[in-house]
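Examination of the molecular architecture
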Amino acid sequence: MKLLLTSGGVTNDSIRASLIGMLGKPIADSRALFIPTAQWGQPLCSPESVWRSTADRWEGDGGLVGLGWKSVGVLELTALPSIAEERWMPWVRDADVLLVDGGEARFLSTWMLQSGLAGMLPELVDTVWVGVSAGSMVLTPRVGTEFLDWQPEGPDETLGLVDFSIFPHLDYPGWTENTLEAARRWAERIPGRSYAIDDQTAIAVVGGRVEVISEGHWEQFDR
């Protein structure tokens, strides 16, 4: 897969240009599937927030659904175990891009595994994965205990498709737990490489090459 791991979505021209480059064609010619599943595991989310994301009714920039896709469908992972694989797997294979919303990364990881979507990822060579917050963190090895909102006493391991971890929403206004100092404390307990990224920053991963795309603020940590 080609990965565009964001904190806040497609929030600026640099991230948008990277997305178009990964697609290899205009957004208007690309078919998308939107995955809102992570929100159900996040106590701060609600049916209303799921609707706002799906309908692209968030205030400000960063919405994924309203970028001008040729088509957009919703793929709810908690429903997939009750649907025959031969029905839903072609939907995934036919999509040019998976738009994976934020919420709770461990919850999302669990349902990616239980639904069978995680097992499909290696075959989706040309598909683009655009993650927002937890939708990005789910592909990393660890999220850190600070981001365990679904099962606070549980493990913090996620899918590990990339070899680095992500601290999202760096210095987000009003979020006192997302300061650079907090990110540095978090990184001390995360083995290997990690990044703290703000909502104007994304990490692109194509063919094993990792590139930070930013019109904002980010920091890399190595342990």
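Definitions and cut-offs
Residues numbered from 1 in each chain as written. Predicted model: local features only at pLDDT ≥ 70, side-chain atom pairs only at ≥ 80, totals over all residues. Heavy atoms only, no water. Helix = DSSP H or I, 4+ residues; strand = E, 2+ residues; numbered from the N terminus. Buried < 20%, exposed > 50% of the residue type's maximum accessible area, 1.4 Å probe, protein only. Areas by Shrake-Rupley, 256 points an atom, 1.4 Å probe, with all protein chains shown as cover. Lys, Arg positive; Asp, Glu negative; His and termini not counted. Charge placed at Lys NZ, Arg CZ, Asp CG, Glu CD. Pairing = 2+ DSSP bridges. Axes fitted to C-alpha atoms, helices over the stretch in contact; angles between N-to-C directions. Contact = heavy atoms within 4.5 Å. Salt bridge = Lys/Arg side-chain N within 4 Å of Asp/Glu carboxyl O.

Scanning the protein from terminus to terminus reveals seven helices and ten strands. Seen through its principal axes, the protein has C-alpha atoms that stretch 45 × 35 × 35 Å. A buried classification covers 52% of the 223 residues belonging to the protein. Accessible surface computed for the protein: about 10,200 Å², of which carbon and sulfur atoms make up 49%. Averaging the locations of the 17 positively and 31 negatively charged side chains of the protein gives two centres separated by 4 Å.

Quick look at the sheet that holds strand β4 (residues 97-100) now. The pairing of strands in a sheet comes from backbone hydrogen bonds and takes either a parallel or an antiparallel form. Read across the sheet, seven strands follow the order β3-β2-β4-β5-β1-β8-β9 without closing on themselves; strand pairing throughout is mixed. Every interior strand has two partners, whereas the edge strands, β3 (71-74) and β9 (209-214), have only one. Between one strand axis and the next, the sheet turns by 20° as a mean value, whatever way the strands run. Bridge count for strand β2 (residues 31-35) against β3 is four bridges, and the pairing is parallel. Bridging from a neighbouring strand, Leu 33 pairs with Gly 73 of β3. Packing against the sheet, helix α1 (residues 13-23) makes contact with β1 (2-6), β4, β5 (128-132), β8 (201-206) and β9, and its axis sits at approximately 165° to β1.

With four of its five residues buried, β1 lies for the most part within the structure. In this sheet, β5 lies alongside β1 in parallel orientation, the contact comprising five bridges. Of the residues in β5, the one forming a bridge with Leu 4 is Val 130.

Tallied over the full model, the rule gives eight salt bridges. The partner of Asp 156 in a salt bridge is Arg 142, and the shortest N-O contact between them spans 2.6 Å. Of this pair, Asp 156 sits in the loop between α6 (134-137) and β6 (164-167) while Arg 142 sits in the loop between α6 and β6; the two residues are 14 residues apart in sequence, bridging distant segments of the chain. On the basis of relative accessible area, Arg 142 is assigned to the partly exposed category, the value being 25%. Asp 163 is paired through a salt bridge with Arg 193; the nearest N and O atoms lie 2.8 Å apart. Pair noted here: Asp 163 is in the loop between α6 and β6 and Arg 193 is in strand β7 (residues 193-197), with a separation of 30 residues, a long-range link. Classification of Arg 193 as partly exposed rests on a relative accessible area of 21%. Here the salt bridges do not stand alone but share partners, grouping Lys 25, Arg 31 and Asp 96 into one network.

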